[in-house]
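Each chain is listed here by its residues.
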Amino acid sequence: MSGPRSTDPHRAPDTTGDVIRWAAFSCVLVPVVLVWYGTSLAGAAGTAFGLAAVTAVCRVLLRRSERCAAQRGGRHTKEETPVD
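On a predicted model such as this, the values are computed, not experimentally measured, just so you know. (Residues numbered from 1 in each chain as written. Predicted model: local features only at pLDDT ≥ 70, side-chain atom pairs only at ≥ 80, totals over all residues. Heavy atoms only, no water.)

## Thoughts on the overall build of the protein chain
Heads up, the rule is: A run of H or I in DSSP becomes a helix once it reaches four residues, and a run of E becomes a strand once it reaches two; helices and strands are each numbered from the N terminus. Here, Shrake-Rupley sampling with a 1.4 Å probe gives the accessible areas, and only protein chains in the shown set may cover a residue.
The helix and strand tally for the protein chain stands at two helices and zero strands. Accessible surface, the protein chain as shown: approximately 7400 Å² in total, 64% of it carbon and sulfur.

## Let's talk about the side chain of Thr-55
Our working definition: Buried residues are those whose accessible area, probed at 1.4 Å on protein chains only, stays under 20% of the maximum for their type, while exposed residues exceed 50% and partly exposed ones sit between those limits. Throughout, a contact is declared for two residues whenever any of their heavy atoms are within 4.5 Å.
One can find Thr-55 in helix H2 (residues 41–72). Thr-55 gets classed as buried once you look at its relative accessible area, which sits at 15%. With residues up to four places along the chain from it excluded, the contact list for Thr-55 reads Ile-20, Ala-23, Ala-24 and Cys-27.

## A closer look at the packing of aromatic side chains
Our working definition: Each pair of aromatic rings taken from Phe, Tyr and Trp, with Trp reduced to its six-membered ring, is defined by centres within 6.5 Å and is described as stacked if the planes are under 30 degrees apart, edge-to-face if over 60, and tilted in the remaining cases.
Taken as a whole and judged by the stated rule, the model has one aromatic pair. Relative to Phe-25, the ring of Trp-22 has its centre 5.8 Å away and its plane inclined at 90 degrees; by these criteria the two rings are edge-to-face. Taken together, the residues span about one helical turn, with Trp-22 and Phe-25 both in helix H1 (residues 15–36) at a distance of three residues. By relative accessible area, which is 61% here, Trp-22 ends up exposed.

## A closer look at the state of the cysteines
Here, disulfide denotes a covalent bond that connects the sulfur atoms of two cysteines. Our working definition: Note that a disulfide, as used here, is simply two cysteine sulfur atoms within 2.5 Å.
A complete count under the given rule lists zero disulfides for this structure. Cys-27 forms no disulfide, and the closest cysteine sulfur to it belongs to Cys-58, at a distance of 9.9 Å. In this structure Cys-58 comes out as partly exposed when scored by relative accessible area, which is 36%.

## Regarding H2
The following threshold applies: Helix span, expected: 1.5 Å multiplied by one less than the number of residues in the helix.
In a regular helix each residue adds 1.5 Å, so 32 residues correspond to 46 Å; H2 covers 46 Å between its end C-alpha atoms and thus fits that length. Among the residues trailing H2, Gly-73 stands out with phi positive, at a value near 90 degrees.

## Concerning the pattern of salt bridges
Between side chains of opposite charge, a pair can form as their charged atoms come close. Counted only if it meets this: Salt bridges are counted wherever a side-chain nitrogen of Lys or Arg sits within 4 Å of a carboxyl oxygen of Asp or Glu.
Tallied over the entire structure, the rule returns two salt bridges. As a salt-bridge pair, Arg-21 and Asp-18 come within 2.6 Å of each other at their nearest N and O atoms. With Arg-21 and Asp-18 both in helix H1 and three residues apart, the pair spans about one turn of that helix. Residue Arg-21 is classed as partly exposed on the basis of its relative accessible area, which comes to 46%.

The following block contains the structure:
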(Lines give C-alpha, C1' and ligand atoms only; values in the text may rest on other atoms or scores of the structure.)
Protein backbone atom coordinates (compact mmCIF):
# COMPACT_ATOMS: atom_id res chain seq x y z
CA MET A 1 0.00 0.00 0.00
CA SER A 2 1.19 3.50 -0.71
CA GLY A 3 -0.17 5.07 2.46
CA PRO A 4 -3.33 6.73 3.63
CA ARG A 5 -5.48 8.30 0.97
CA SER A 6 -7.88 11.17 1.35
CA THR A 7 -11.54 10.15 1.34
CA ASP A 8 -12.66 13.57 0.12
CA PRO A 9 -14.26 12.95 -3.31
CA HIS A 10 -13.74 16.60 -4.34
CA ARG A 11 -9.98 16.51 -3.84
CA ALA A 12 -7.95 15.64 -6.91
CA PRO A 13 -5.56 12.71 -6.60
CA ASP A 14 -1.89 13.57 -6.24
CA THR A 15 -0.77 11.94 -9.47
CA THR A 16 2.42 14.00 -9.63
CA GLY A 17 3.39 12.76 -6.18
CA ASP A 18 2.75 9.18 -7.28
CA VAL A 19 4.95 9.63 -10.35
CA ILE A 20 7.75 11.13 -8.27
CA ARG A 21 7.54 8.32 -5.70
CA TRP A 22 7.83 5.68 -8.44
CA ALA A 23 10.73 7.58 -10.02
CA ALA A 24 12.53 7.75 -6.67
CA PHE A 25 11.93 4.02 -6.24
CA SER A 26 13.51 3.37 -9.64
CA CYS A 27 16.50 5.54 -8.66
CA VAL A 28 17.20 2.95 -5.97
CA LEU A 29 16.07 -0.20 -7.76
CA VAL A 30 17.92 0.24 -11.07
CA PRO A 31 21.43 0.55 -9.58
CA VAL A 32 20.78 -2.42 -7.29
CA VAL A 33 19.77 -4.53 -10.29
CA LEU A 34 22.80 -3.30 -12.24
CA VAL A 35 25.17 -4.32 -9.43
CA TRP A 36 23.34 -7.65 -9.11
CA TYR A 37 24.01 -8.36 -12.79
CA GLY A 38 27.70 -7.47 -12.58
CA THR A 39 27.96 -3.75 -13.35
CA SER A 40 30.67 -1.93 -11.41
CA LEU A 41 29.72 0.09 -8.36
CA ALA A 42 30.96 3.24 -10.09
CA GLY A 43 28.75 2.56 -13.10
CA ALA A 44 25.72 1.89 -10.90
CA ALA A 45 26.43 5.03 -8.85
CA GLY A 46 26.65 7.08 -12.04
CA THR A 47 23.36 5.65 -13.19
CA ALA A 48 21.76 6.43 -9.84
CA PHE A 49 23.06 9.99 -10.01
CA GLY A 50 21.73 10.43 -13.55
CA LEU A 51 18.32 9.03 -12.66
CA ALA A 52 18.14 11.24 -9.56
CA ALA A 53 18.99 14.32 -11.66
CA VAL A 54 16.31 13.50 -14.24
CA THR A 55 13.79 12.80 -11.47
CA ALA A 56 14.55 16.13 -9.79
CA VAL A 57 14.13 18.07 -13.03
CA CYS A 58 10.88 16.25 -13.85
CA ARG A 59 9.56 16.97 -10.35
CA VAL A 60 10.27 20.68 -10.75
CA LEU A 61 8.61 20.77 -14.18
CA LEU A 62 5.55 18.80 -13.02
CA ARG A 63 5.01 21.00 -9.97
CA ARG A 64 5.45 24.12 -12.11
CA SER A 65 2.90 22.78 -14.58
CA GLU A 66 0.45 22.12 -11.73
CA ARG A 67 0.84 25.69 -10.43
CA CYS A 68 0.30 27.16 -13.89
CA ALA A 69 -2.78 25.01 -14.43
CA ALA A 70 -4.18 26.04 -11.04
CA GLN A 71 -3.66 29.71 -11.84
CA ARG A 72 -5.46 29.34 -15.16
CA GLY A 73 -8.30 27.38 -13.63
CA GLY A 74 -7.42 23.98 -15.01
CA ARG A 75 -7.93 22.89 -18.57
CA HIS A 76 -9.19 25.26 -21.21
CA THR A 77 -12.67 23.99 -21.96
CA LYS A 78 -14.07 27.19 -23.44
CA GLU A 79 -11.58 27.59 -26.25
CA GLU A 80 -11.58 25.47 -29.37
CA THR A 81 -8.18 24.20 -30.38
CA PRO A 82 -7.44 23.46 -34.03
CA VAL A 83 -7.16 19.81 -34.93
CA ASP A 84 -4.97 20.23 -38.03
